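# Close look at the chain arrangement
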Amino acid sequence: MSARLDRSVERVAASAAREHPARSVRVGWWIYSYGAAGGSWAQVAAVVALPDGRLRFDLRGPGKQSVVTAPSYPATYLTAQTARRVGLVGGGH
């Protein structure tokens, strides 16, 4: 599931987000993913360690997107609990 948000939810999510190395992200958490149409929040469905040492985050939503990154590269994320609190999930988002 990915989320297109109204501005108020986007602001609250951005202020609640944390940035840590990508290796910290877990399944069920939400990451801010940059794409061709700009950025959006998407829930992590799987975290896969690739043979070359990078990580692949498989995201829920249309097109089953994936993001590949180095484990030490910063990732902007929300835990599942924080995503619910700020309105990314529930209430029609």
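Right, let's walk through the structure included here. (Residues numbered from 1 in each chain as written. Predicted model: local features only at pLDDT ≥ 70, side-chain atom pairs only at ≥ 80, totals over all residues. Heavy atoms only, no water.)

## Description of the overall build of the chain
Quick note on the threshold: Counting from the N terminus, the helices are the DSSP runs of H or I reaching at least four residues and the strands are the DSSP runs of E reaching at least two. Burial classes: relative accessible area under 20% of the type maximum marks a residue as buried, over 50% as exposed, and values in between as partly exposed (1.4 Å probe, protein chains only). Contacts are assigned to residue pairs with any non-hydrogen atoms lying within 4.5 Å of each other. Computed with a 1.4 Å probe, the accessible areas rest on the Shrake-Rupley method; for each residue, only the protein chains presented here act as cover.
Counting its secondary structure elements, the chain contains two helices and seven strands. Moving toward the C terminus, one meets the helices and strands of the chain in the order β-α-β-β-β-β-β-β-α. Every one of the 93 residues in the chain was classed for burial, and the buried ones make up 34%. Long-range contacts, defined as pairs at least 24 residues apart, comprise 55% of the intrachain contacts of the chain with a sequence gap of at least 6. Put simply, the chain shows about 5600 Å² of open surface, and 52% of that area lies on carbon and sulfur atoms.

## Some words on the packing of aromatic side chains
Our working rule: Classification of ring pairs rests on two measures: the distance between centres of Phe, Tyr or Trp rings, Trp counted by its six-membered ring, which must be within 6.5 Å, and the angle between planes, read as stacked under 30 degrees, edge-to-face over 60 and tilted in between.
Taken as a whole, this structure holds two aromatic pairs when the rule is applied. Aromatic pair Trp29 and Tyr77: ring centres 4.9 Å apart, planes at 20 degrees, arrangement stacked. Note that Trp29 is positioned in the loop between strand S2 (18-21) and strand S3 (30-35) and Tyr77 in strand S7 (residues 74-78), a separation of 48 residues in sequence. The buried category is assigned to Tyr77, whose relative accessible area is 9%. For the ring pair Tyr32 and Trp41, a centre distance of 5.4 Å and an interplane angle of 75 degrees mean the geometry is edge-to-face. Owing to a relative accessible area of 23%, Tyr32 belongs among the partly exposed residues under this scheme.

## A short note on the environment of Ala16
Relative to the elements of secondary structure, Ala16 occurs in helix H1 (residues 7-16). The spacing of Ala16 and Ala83 is 67 residues in sequence and 8.8 Å in space, taken between C-alpha atoms. If sequence neighbours within four positions are ignored, Ala16 has contacts with Leu78, Thr82, Arg85 and Val86.

Function cannot be read off these values alone, since they describe shape.
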